[in-house]
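An overview of the molecular structure
Chain by chain, the residues:
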Amino acid sequence: MGRSLLEEMVELAKETMADNVKICDGSAKEFEELTQKMLADRALIALNPKTYPGCFLHRSAPHDVARTEKVTFICTRKKDDAGPTNNWMDPKEAGEKMTSLFRGSMRGRTMYVVPFSMGPVNSRFSRLGIEITDSPYVVLNMHYLVRIIPATRLSSEEPKDIMYGLHSLGDLSPEKRFIMHFPETNTVASIGSGYGGNALLGKKCFALRLASYIGRDEGWLAEHMMVLGLEDISGRITYIAGAFPSACGKTNLSMLASELPGYKVWTVSDDLCWLHVGADGRLWAINPESGFFAVAPGTGPATNPNMLAAVKRNTIFTNIALTPANEPWWEGIGTEAPEGLVDWQGRPWDKSGPAAHPNARFTAPFHQCPSASPEADKPNGVPISAIIFGGRRADTVPLLFEAFDWQHGMFLGLSIASETTAATTGEIGVLRRDPFAMLPFTGYNMADSVRHRLEVGAKLSRPPKVFHLNLFAQDDEGKYLWPGFKENIRLLKYIAERVHGEVSAKETPIGLVPNGYGIQIDEAQWEKEAVLLDTHLESLGNRLPEEMWEELAELRKRFGWY
Ligand code: GTP
Ligand code: SPV
Ligand code: MN
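Report on the accompanying structure.

Conventions we followed
- Residues numbered from 1 in each chain as written.
- Chains lettered and ligands numbered in written order.
- Predicted model: local features only at pLDDT ≥ 70, side-chain atom pairs only at ≥ 80, totals over all residues.
- Heavy atoms only, no water.
- Pairing = 2+ DSSP bridges.
- Helix = DSSP H or I, 4+ residues; strand = E, 2+ residues; numbered from the N terminus.
- Near = heavy atom within 4 Å.
- Polar contact = N/O pair within 3.5 Å; in protein donor to acceptor, adjacent residues only side chain to side chain.
- Areas by Shrake-Rupley, 256 points an atom, 1.4 Å probe, with all protein chains shown as cover.
- Nonpolar A, V, L, I, M, F, W, Y, C, P; charged D, E, K, R; others polar.
- Core = buried A, V, L, I, M, F, W, Y, C linked by side-chain atoms within 4.5 Å.
- Buried < 20%, exposed > 50% of the residue type's maximum accessible area, 1.4 Å probe, protein only.
- Domains from an automatic or database assignment.
- Contact = heavy atoms within 4.5 Å.
- Donors = N, O, S within 2.8 Å, 3.2 Å for Na, K, Ca; no water.
- Tetrahedral: all angles 85-135°; square planar, octahedral: opposite > 155°, others 65-115°.

Notes on the sheet that holds strand 22 (residues 361-365)
Read across the sheet, five strands follow the order 2-3-19-22-18 without closing on themselves; strand pairing throughout is mixed. Where the open sheet ends on each side, the last strands, each with one partner, are strand 2 (45-46) and strand 18 (291-295). Both strand 2 and strand 3 (residues 56-58) contribute to a ladder of two bridges, which runs antiparallel. Within strand 3, the position partnered with A46 by the bridge is F56.

What follows is the structure, given as structure tokens:
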């Protein structure tokens, strides 16, 4: 190839034929100018300045309300490097497709150039990125979600080390929507969507898909994990990371308001983390983001008071309902829907469906959260003592159990499954495997990612303990067996006590189970589960490490099936 892909992308940016170019600096003035413009264009609605100062509502296009995985591609030269779980397209073909789609796409619009850093200031683990976009909504969100830096700082970095993203709303038509990743050249091109992970490229595109690829080469991990610190009565803080599929409880757990006397949860991250092996043989986590882009429905005073407090000011609300007092409303906010409510599409709410879109979200700066950990800005991050893999399963998988060791823990991570949620388009409630909660976010072959996780584990002299959590088991009437939310503090306390060797656990065929929680293991269900796991492992192809098949065989042996 003559020109580098990066050069081609710069060329592509020119071909969008934007009317103006604005280099963004992340300043308050810039934020003010953008909001004024968007208010004038009716792309934003100002919320009640007395009760929600600095807050705005944005309504996205009705068919553009979640990530669209079907049109998300990993474009590596070899198809096998993207692996069986990713959509793949040849980089040349994808480049040509995007060139034709981007040509003239920004005509009549301003092109915003947003240079930013992901990760704490002065951290050697941080990475620089640049997103070029024609969406002022994206720029506003980036003000809160990443650390915007002066464009001149980019020149101190090797160009190949900068994550480069080009984004255009295009005409928002789903047929012309593509989110193309070129991990071999550290670039992303996204067109046709203004929503969340499709458009805020710092989030899933850079911090997970590109970063997971970089991490594989450099020996670290980019994960779809929340990170929290559990402080106990003695003041000891135990850091716990947790990977749960989209809309399965990471944000809620990461900012849990403890009612257990003497215990407090500190939020380090609600969605993403980068994990590095420390010189001390522990795994250290940083949060590449500096804000939240979190699910609104279900967030209320009883479930997540910290999040609710965080979104009282300086927050962008997307696809929530609006009260006559110009205040946000959504299902689960803790108040009755008032008369005169306007739904997420701006129509009088007729009660035929939810008033807020199930994937309505808010974007808020990290430090507005009352539980924000002061350690979240530490350049080296925080040391992780436990990793939780969480699924969303109605049956089979009990509330909580612990892996025997790191390798078994990776088998548990590989086995995560979730009944699908509103975070991605498609049918809801269908069981799908979501290895490490990274199915839609791994920028390379999933089977290779298992090998990489085993290799990272081998470098840890003090590996985290690994747990599997299922908050969503149901009884025959479909009622959740575990109350969840604030009660989850008991699970965190147990996990911390296991880490410090202060409580015992019971050995069972599936793992180590806490005593005193009445946990039952239904052998018949697990027999079916093992068969499903055969299919799952098979589907990952012959690059899957043999160790995972051994783990499945061991599971069967422990049950005594052969
Ligand atoms: P993404 O931002 O999409 O990655 O999601 P997330 O994992 O951060 O999910 P979040 O914490 O926003 O939770 C999403 C959904 O799970 C909401 O509908 C919550 O009400 C529900 N949820 C969270 N915690 C619990 C829990 O402990 N029990 C039950 N039953 N539901 C929960
Ligand atoms: C998710 O879907 O896991 C999210 C929201 O956190 S998005 O930014 O759209 O990916
Ligand atoms: Mn997420």
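Observations regarding the site of ligand 2
Within the structure, ligand 2 sits among 12 residues, and R67, G197, K203, K204 and S246 are positioned closest to it. The separation between an oxygen atom of ligand 2 and a polar side-chain atom of S246 is 2.5 Å. A distance of 3.4 Å is found between an oxygen atom of ligand 2 and a side-chain nitrogen or oxygen belonging to D271. When the free accessible area of ligand 2 is taken as 290 Å², the share hidden by the protein chains comes to 98%. Going through the elements one at a time, helix 6 (196-199) and helix 7 (202-218) are the ones with two or more residues in the shell around ligand 2. When grouped by side-chain class, the residues that make up the shell around ligand 2 number three nonpolar, four polar and five charged.

Here's the deal with the nonpolar core
The biggest cluster of nonpolar side chains holds 168 residues, and the ones touching the most others in it are W330 and I384. When residues are assigned to domains, this core turns out to be shared by domain 1 (3-41 + 68-219) and domain 2 (222-291 + 374-559), each giving three or more. When residues no more than four places from it in sequence are discounted, the contact partners of I384 are V227, Y239, A241, L275, L283, A285 and P464.

So, the coordination of the manganese ion (ligand 3)
The coordination sphere of the manganese ion (ligand 3), as far as protein atoms go, consists of K204 (NZ), H224 (NE2) and D271 (OD), spread over 2.2 to 2.5 Å. What the six donor atoms of the manganese ion (ligand 3) show is an angle range of 65 to 173° at the metal, which sorts the shape as octahedral. Linear spacing of the donor residues for the manganese ion (ligand 3) on their chain is K-x19-H-x46-D. Residue K204 is located in helix 7, and its partner H224 is located in the loop between strand 12 (221-223) and strand 13 (225-231); the two are separated by 20 residues in the primary sequence. Take K204: its relative accessible area is 7%, and that puts it in the buried class. By relative accessible area, H224 is classed as buried at 0%.

Some thoughts on the side chain of T315
In this fold, T315 is placed in the loop between helix 9 (305-310) and strand 19 (316-318). For T315, a relative accessible area of 0% puts it in the buried group. Only 2.7 Å separates the side chain of T315 from the backbone oxygen of R313, close enough to count as a polar contact. Apart from residues no more than four positions distant in its own chain, T315 is found in contact with G54, C55, F56, Y144, A310, F362, T363, A364 and Q368.

Points about the site of ligand 1
Taken together, 19 residues sit near ligand 1, with A247, K250, T251, N252 and R361 positioned nearest. Note that an oxygen atom of ligand 1 is positioned 2.7 Å from one of the side-chain N or O atoms of K250. Between ligand 1 and N252, the relevant distance is 2.8 Å, taken from an oxygen atom to a side-chain nitrogen or oxygen of the residue. Protein chains shield 90% of the accessible area of ligand 1, which is 670 Å² for the free molecule. The greatest single-element share of the shell around ligand 1, amounting to three residues, is contributed by helix 8 (residues 250-254).

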